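Examining the three-dimensional arrangement
Here is how the chains run, residue by residue.
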Amino acid sequence: MNKVLQSDKLHNVNYEIRGPVLDYANQLEADGQQVMKLNIGNPGAFGFDAPDEIMRDVIHNLRSAQGYSHSKGLFSARKSVVQRYQLQGVDSIDVDDVIMGNGVSELIVMAMQGLLNLNDEILIPAPDYPLWTAAVAISGGSPVHYKCDEDQGWQPCLADIESKITARTRGIVIINPNNPTGAVYSEDILRGLVAIAEKHNLIVFADEIYDRILFDGSVHHPLSVLTKNTLCLTFNGLSKTYRLAGFRSGWMLVSGAKANATSYLEGLEMLASMRLCANVPAMLAVQTALGGRQSINDLILPGGRLLAQRDLCLELLTAIPGVSCVKPKSAMYLFFKLDPAVYPIENDEMFVLELLKQQHLLIVQGSAFNYQDTQHFRIVFLPDKNQLTEAIARLASFLLAYRQ
Ligand code: PLP
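We now turn to the structure provided with this report.

Here the focus is the packing of aromatic side chains. Summed over all chains, the structure comprises 15 aromatic pairs. Between the aromatic rings of F335 and F369, the centroid separation amounts to 6.0 Å while the plane-to-plane angle is 90°, which identifies the pairing as edge-to-face. Of this pair, F335 sits in strand β11 (residues 333–338) while F369 is found in the loop between β13 (364–365) and β14 (376–380), placing the two residues 34 residues apart along the sequence. Just as F335 is buried, F369 falls in that class too. Summarising the aromatic geometry, the rings of F351 and Y402 are spaced 5.2 Å apart at their centres and angled 65° between planes, so their arrangement reads as edge-to-face. On the criterion of sequence distance, the pair formed by F351 in helix α14 (residues 348–359) and Y402 in helix α15 (residues 385–403) is long-range, its members being 51 residues apart. Relative accessible area serves as the criterion here: at 4%, F351 is assigned to the buried category. Through a chain of ring-to-ring contacts, the aromatic side chains of F336, Y343, F351, F377, F398 and Y402 assemble into a single cluster.

If you walk across this open sheet you meet the four strands as β10-β11-β14-β13, and the pairing is antiparallel. What marks the edges here is a single partner per strand, and that holds for β10 (323–325) and β13. Two elements, β11 and β14, share five bridges in a ladder whose sense is antiparallel. Among the inter-strand pairings, F335 is bridged to a residue of β14, identified as R378.

Let us look at the packing of helix α4 (residues 103–113) against helix α5 (residues 131–138). It is at 8 Å that the axes of α4 and α5 come closest, and there the two elements cross at 35°. Our pair here, α4 against α5, has a crossing hand that is right-handed. For the pair α4 and α5, contact is made by S105, I108, V109 and M112 and by L131, W132, A135 and V136, respectively. Across the contact of α4 with α5, the residue classes break down as seven nonpolar, one polar and no charged.

Core analysis: the largest hydrophobic core is formed by 81 residues, its most contacted members being F205, L233, F235 and F336. Of the residues that make up this core, three or more belong to each of domain 1 (8–49 + 298–403) and domain 2 (52–291). When near neighbours in sequence (up to four residues on either side) are disregarded, L233 contacts A111, V204, F205, A206, M252, L253, V254, Y264 and L268.

A few words now on the pairing of strand β4 (residues 142–149). Two strands pair when backbone bridges link them, and strand β3 (residues 121–126) and β4 are joined in this way by six bridges, in the parallel orientation. Directly across from L123, in β4, lies its bridge partner V144. Handedness of the crossover joining β3 and β4 through α5 is recorded here as right-handed. Two elements, β4 and strand β5 (residues 155–156), share two bridges in a ladder whose sense is antiparallel.

Cut-offs and rules
Residues numbered from 1 in each chain as written. Predicted model: local features only at pLDDT ≥ 70, side-chain atom pairs only at ≥ 80, totals over all residues. Heavy atoms only, no water. Phe/Tyr/Trp six-rings, centres within 6.5 Å; stacked < 30°, edge-to-face > 60°. Helix = DSSP H or I, 4+ residues; strand = E, 2+ residues; numbered from the N terminus. Buried < 20%, exposed > 50% of the residue type's maximum accessible area, 1.4 Å probe, protein only. Pairing = 2+ DSSP bridges. Axes fitted to C-alpha atoms, helices over the stretch in contact; angles between N-to-C directions. Left-handed = near helix turned anticlockwise from the far one by under 90°. Contact = heavy atoms within 4.5 Å. Nonpolar A, V, L, I, M, F, W, Y, C, P; charged D, E, K, R; others polar. Core = buried A, V, L, I, M, F, W, Y, C linked by side-chain atoms within 4.5 Å. Domains from an automatic or database assignment. Right-handed = clockwise from strand over helix to strand, strands pointing away.

If you want it as structure tokens, here you go:
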């Protein structure tokens, strides 16, 4: 038989969070070695359980989840999503404006496939959450990366964005709070971004999956509140705030200037019906998760486990000579920098592979987030304090050898 080749459509798709380095880690594990995997923001893997109340309600209703649902999702889940945003000040939305998906990931791909023609451009932050870049590429579009400025706490650079808009630009992706940097964007910057989008008729794609994981009194401003004169698609789900990544449940809310977008929205509905519906048992969790007491607050306020781990990880990491890191105000990652004068790195992926080989510690290189230098890395601060201390000790000893 001839060789079975992958589609040419995948040639421009670069998705390294799962890639050769992870393959090596899996091989180590297959050989019986223990690997500290601090490469993926997977709360459940580190003992961040969802509240019992959610589990109980899902189990209670499970029998009713045997058939397909409406292709846009269960009414109760969609209504809860609408109410969540109404409480934040978004008007003129109802259940028809919500599509439930198997995680934000599925909806990102759907949003791009439904929109893009060959070589249409989408503005994406650098560093990015790489699925956005991959989804644009696989849909035939061209990802165009805009700068987020480390010296400005990783806020997006408005001048850089303006300079990259062309006649083919269709939309702008805004990941706020941000993965990998943990930045929470100021209201001024967000208003600036919306003004640019409205001026150039760009769709705002707001990935706000970390919007309730906020440290140090940071405030999140939803783009669905700020965007009036252009279309805004907001993406969020159960994976992070509600610690249910394995349920694969997320939503997309359509707001802003919907009247001119009927064709696109019909396309999205068609794509939603092509996969019949999202996972119904997982949608049973949405109403309980979104309403009532928000258990995430126990983890992020002073005395909370996630906050304490961020502080410890940042302290231990930045105590290593030549390591700096902008303090993340959200999410579950530190995106740190190794001073090139102390650690001149030619290939950051090889650096990560070597760290894995020597210390059995897995982190992610900055270039996997489409960030064009070799000195940045992302580490997850979800492990408990003992594990984090051990992980940073391993990194420190690797870096000590690298310096010498
Ligand atoms: N968007 C961002 C910014 C993320 O960091 C992630 C996961 O890490 C996702 C989307 C994927 O979310 P989901 O689990 O809902 O597919």
